[in-house]
Amino acid sequence: MEEVREFLKEARVYYLATVDNNKPKVRPFGTVEIFEGKLYIQTGKVKDVSKQIAKNPYVELCAFDNGKWIRVSGKLVRDERIEAKEYMLDQNPELKGMYKADDDNTEVLYFEEGVATIYSFTEPPRVIKF
Ligand SMILES: Cc1cc2nc3c(=O)[nH]c(=O)nc-3n(C[C@H](O)[C@H](O)[C@H](O)COP(=O)(O)O)c2cc1C
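Read on for an overview of the structure. (Residues numbered from 1 in each chain as written. Predicted model: local features only at pLDDT ≥ 70, side-chain atom pairs only at ≥ 80, totals over all residues. Heavy atoms only, no water.)

**Some points on unusual backbone geometry**
Threshold: By definition, any uninterrupted DSSP run of H or I lasting at least four residues is a helix, any uninterrupted run of E lasting at least two residues is a strand, and each is numbered from the N terminus. Note on classification: 1.4 Å probe, protein chains only; a residue is buried when its accessible area is under 20% of the maximum for its type, exposed when over 50%, partly exposed between these limits.
If you check the backbone angles, Asn21 has positive phi at about 50° while not being a glycine. Within the secondary structure, Asn21 is located in the loop between β1 (14-20) and β2 (23-29). Taking relative accessible area as the criterion, Asn21 reaches 60% and is therefore assigned exposed.

Structure follows, in structure tokens:
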């Protein structure tokens, strides 16, 4: 899982896909951390992306970096604990202008049933389950 976080951090941007009434929706995301052994992302409850995940928690993301690309799929679980939100904001202090751990908007979610696959043109795909 650390390798997955490292890849996404190095890439700086990943593209998160959700399902919106049976249609795909994708957008750039950047926040990703490991907290208590789980891979977390962060968003705002006011966003469409959050509403889509609430309706259908199965998501997929991808990123490209340094000749390799990664695809991560799984089910996102919302964590309402203040300590999980604080951890995400502390690791990403640039978010503190927009989010506070105790506001009604900040949302952090972790992956369940996570499967990451790292691909390149020269090596066979490598699967990491977490
Ligand atoms: C480089 C980059 C990184 C971003 N990272 C995040 C993120 O980690 N979480 C988030 O909620 N929005 C992030 N955003 C903003 C979302 O892409 C934006 O709010 C998007 O419109 C949300 O999707 P939606 O319109 O379907 O709700 C990022 C934008 C950019 C350009």
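The discussion continues.
**Digging into the site of the ligand**
The following threshold applies: One heavy atom suffices: a residue is near a molecule or strand as soon as one of its heavy atoms comes within 4 Å of it. For this analysis, a polar contact is any N or O atom pair within 3.5 Å, provided that within protein one partner can donate a hydrogen and the other can accept it, and provided that sequence-adjacent residues contribute only side-chain to side-chain pairs. Residue-level accessible areas treat just the shown protein chains as cover; the underlying method is Shrake-Rupley with a 1.4 Å probe. Charged residues are taken to be Asp, Glu, Lys and Arg, nonpolar residues to be Ala, Val, Leu, Ile, Met, Phe, Trp, Tyr, Cys and Pro, and polar residues to be all remaining types, Gly included.
By nearness alone, every residue bordering the ligand is listed as Val13, Arg27, Pro28, Phe29, Gly30, Thr31, Gln42, Thr43, Lys47, Asp48 and Val49. With respect to the ligand, the backbone of Pro28 contributes an N or O atom lying 2.6 Å from an oxygen atom. Lys47 places a side-chain nitrogen or oxygen 2.8 Å from an oxygen atom of the ligand. Protein chains bury 63% of the 630 Å² of accessible surface belonging to the ligand in isolation. Where the shell around the ligand is concerned, the elements lending two or more residues are β2, β4 (38-44) and α2 (48-55). If one sorts the elements of the shell around the ligand by residue count, β2 sits on top with three residues. Broken down by class, the residue content of the shell around the ligand amounts to four nonpolar, four polar and three charged.

**Topic: the side chain of Glu33**
In this fold, Glu33 is placed in strand β3 (residues 33-35). A relative accessible area of 1% means that Glu33 is categorised as buried. There is a polar contact of 2.5 Å between the side chain of Glu33 and the side chain of Lys9.

**Things to note about the nonpolar core**
Threshold: We define the nonpolar core as a collection of buried residues of types Ala, Val, Leu, Ile, Met, Phe, Trp, Tyr and Cys that are connected through side-chain atoms lying within 4.5 Å of one another. In this analysis, two residues are considered to be in contact whenever any of their non-hydrogen atoms come within 4.5 Å of each other.
Among the nonpolar cores identified, the biggest contains 24 residues, and Val4, Leu8, Tyr14, Leu16, Ile41, Ile70 and Phe111 are the most heavily contacted of them. If we skip the residues at most four places from it in the chain, Ile41 touches Tyr14, Leu16, Phe29, Thr31, Leu76, Met88, Glu107, Val108, Leu109 and Phe111. Grouped together as the second largest cluster of nonpolar side chains are six residues, Phe35, Tyr40, Ala84 and Tyr110 included.

**A closer look at the pairing of β1**
Note the threshold: Think of it this way: DSSP has to see at least two bridges between two strands before they count as a pair.
Judged from the seven bridges that link them, β1 and β2 form a sheet pairing that is antiparallel. For Leu16, the partnering residue across the bridge sits in β2 and is Arg27. Hairpin connection from β1 to β2: two residues lie between these consecutive antiparallel strands, with Asn21 at a positive phi of about 50°. Of the strand pairs in this sheet, β1 and strand β5 (residues 58-65) are connected by three bridges, and their pairing is antiparallel.

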